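Inside the fold
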Amino acid sequence: MSAVAETNDVNYSGYDLVVVGSGFFGLTIAERTASQLDKRVLVLERRSHIGGNAYSEPEPETGIEVHRYGAHLFHTSNKRVWDYVNEFTEFTGYQHRVFAKAGEQVYAFPMNLALVNSFFGRSYTPDEARALIAEEAKEYETDKAQNLEEKAISLIGRRLYEAFVRGYNVKQWQTDPKELSASIITRLPVRYNFDNRYFNDTYEGLPVDGYTAWLEKMAAHHNIDVRLDTDYFEVRDRIPVGTPTVYTGPLDRYFDYAAGKLGWRTLDFETEVVPTGDFQGTAVMNYNDAEVPYTRIHEFRHFHPERTHYPTDKTVIVREYSRFAEKDDDEPYYPINTPENREKLTAYRELAKAEAATKNVVFGGRLGTYQYLDMHMAIGSALSVFDNKVAPHLRDGAPLDGSLDG
């Protein structure tokens, strides 16, 4: 791999595949194409670093590894994905656990028997807790819930909803939960035991040497060239016509917003070095009260307790805020599932099919398909797209399928 910034003398000829974007989806396609088909791949990245939103780096003052675009926790039950990612990194035994602050109390989260006992102020057996939550949730029938508020109350009851769901979702969506779709909370489980693991997946951990080291190793094949600080739309006229391309940027931007702009939520991060060895005692603390402007605080030292070289007299915290993406430079994170956006997406799906047929372009990843994908989902989707679309085209000359799925 060569990774350099864009220059005017770059030669865009001679590549078998162009990949736009160096996140997990794009790098998986690039790595498979380079290693399994022995084809030359050019990766174009508009940022000054590889890795998309998974990029991590040491905070300068403390050396503590920080995930620049929000915490990334790797977990999967897909053995193919797990075996694949282990080709590029070892994983720690980290298991993600979250705590939630409501009022002046901190609770184990997601909702489990410890939270129920603490919140209701007595010791419940699992059966007693089930009966309690069933009684609390009688106000609405789940199947008849008309909005997020009714759905949540039908699952956990009004008191737990008010404490742990309402304020958090007001901040997350900047909308009254009565105006939000019930589908946003399709399930809101309460565990009737003391298990406080956040994820239920078979495999879980964090890359031993960090995300950037992992991503760089994926791109290290000699058949892969990476161009940083390179906007695809500024150079695509220099790419030979018909060069197969995997595009992972914003779907609407590719088509110059022909069907309108798709709506996204974005995140803002406020980083602070504080003069203590441990600020909150855990990696993530949710702040459920609407009066607190941020949704959660990350303390990144707790993601890697095995790193004994981290300082003991200071730590890094990152406050996370959620809002609608409004400006062109707002980073899109979460697609907004409204009828208007679904209608636009339908139009873009048709345009994507035509683009594959006429210009050999395949769309993928979170931005390229307008769907939220966890890391393991992006990698799994990329492996499927490679198997079913890219490899048959590059190896056998099969037509490219332009559907927005794997």
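Residues numbered from 1 in each chain as written. Predicted model: local features only at pLDDT ≥ 70, side-chain atom pairs only at ≥ 80, totals over all residues. Heavy atoms only, no water.

Regarding unusual backbone geometry
- Cis rather than trans, the peptide bond between Phe 109 and Pro 110 has omega equal to 5°.
- Along the chain, the position of Pro 110 falls in the loop between strand S8 (105–109) and helix H3 (113–120). (Helix = DSSP H or I, 4+ residues; strand = E, 2+ residues; numbered from the N terminus.)

Brief notes about the pairing of strand S14 (residues 296–299)
- Pairing of strand S13 (residues 284–287) with S14 involves 3 bridges; the strand directions are antiparallel. Each bridged residue has a counterpart across the sheet, and for Val 284 the counterpart in S14 is His 298. (Pairing = 2+ DSSP bridges.)

So, the sheet that holds strand S16 (residues 334–335)
- Read from one edge to the other, the open sheet built from 7 strands follows the order S8-S7-S13-S14-S15-S12-S16, with strand pairing classed as mixed. Where the open sheet ends on each side, the last strands, each with one partner, are S8 and S16.
- Sheet analysis places S14 next to strand S15 (residues 315–324), joined by 4 bridges and oriented antiparallel. Residue pairing across strands places Arg 296 opposite Glu 320, the latter belonging to S15.

Quick word on the nonpolar core
- Counting 83 residues, the largest nonpolar core has Ile 29, Phe 74, Phe 164 and Trp 214 as the members making the most contacts within it.
- Element by element, the count of residues in this core is highest for helix H12 (residues 375–396), at 9 residues.
- Core analysis: the next-biggest nonpolar cluster, separate from the first, contains 25 residues, Leu 44, Tyr 247, Leu 251 and Ile 336 among them. (Core = buried A, V, L, I, M, F, W, Y, C linked by side-chain atoms within 4.5 Å. Buried < 20%, exposed > 50% of the residue type's maximum accessible area, 1.4 Å probe, protein only.)

Thoughts on the packing of H3 against helix H4 (residues 126–136)
- The contact between H3 and H4 brings their axes to 11 Å, and the two run at 65°. On the basis of the axis angle, H3 is roughly perpendicular to H4. Handedness of the H3/H4 crossing: left-handed. Together, Leu 113, Val 116 and Phe 120 of H3 and Pro 126, Ala 129, Leu 132, Ile 133 and Glu 136 of H4 make up the contact between the two elements.
- Residues belonging to the contact of H3 with H4 are distributed by class as follows: 7 nonpolar, no polar and 1 charged. (Axes fitted to C-alpha atoms, helices over the stretch in contact; angles between N-to-C directions. Parallel < 35°, antiparallel > 145°, perpendicular 65-115°, else oblique. Left-handed = near helix turned anticlockwise from the far one by under 90°. Contact = heavy atoms within 4.5 Å. Nonpolar A, V, L, I, M, F, W, Y, C, P; charged D, E, K, R; others polar.)

A word on helix H6 (residues 158–173)
- An ideal rise of 1.5 Å per residue puts 22 Å on 16 residues; H6 reaches only 20 Å between its terminal C-alpha atoms.
- Val 165 marks where H6 bends most, by close to 40°.
- Along H6, the residues that are buried comprise Leu 160, Tyr 161, Ala 163, Phe 164, Val 165, Gly 167, Tyr 168, Asn 169, Lys 171, Gln 172 and Trp 173. (Expected span 1.5 Å × (residues − 1). Bend = angle between axes of the 7 residues up to and from the residue.)

Quick notes on the environment of Asn 388
- Tracing the backbone shows Asn 388 in helix H12.
- Since its relative accessible area comes to 52%, Asn 388 is described here as exposed.
- Along the chain, Asn 388 and Ala 54 lie 334 residues apart, while their C-alpha atoms are 26 Å from each other.

Some words on the packing of aromatic side chains
- A full pass over the atoms with the stated rule returns 34 aromatic pairs.
- Considering the side-chain rings of Tyr 254 and Phe 363, the 5.0 Å spacing of their centres and the 90° angle between planes classify their relative orientation as edge-to-face. With Tyr 254 in helix H9 (residues 251–254) and Phe 363 in strand S17 (residues 361–363), this pair connects stretches of sequence that are 109 residues apart.
- Its relative accessible area of 1% is what places Phe 363 among the buried residues.
- Joined through ring pairs, the aromatic side chains of Phe 24, Phe 74, Trp 82, Phe 91, Tyr 203, Tyr 211 and Trp 214 make up one cluster.
- Here the guanidinium or amino end of Arg 47 rests over the ring plane of Tyr 69, the centre of that ring lying 4.0 Å away.
- The ring of Tyr 294 is capped by Arg 319, whose NZ or CZ atom sits 5.9 Å from the centre of that ring. (Phe/Tyr/Trp six-rings, centres within 6.5 Å; stacked < 30°, edge-to-face > 60°. Lys NZ or Arg CZ within 6 Å of the ring centre and 35° of its normal.)

Any functional reading would require information beyond the geometric quantities listed.
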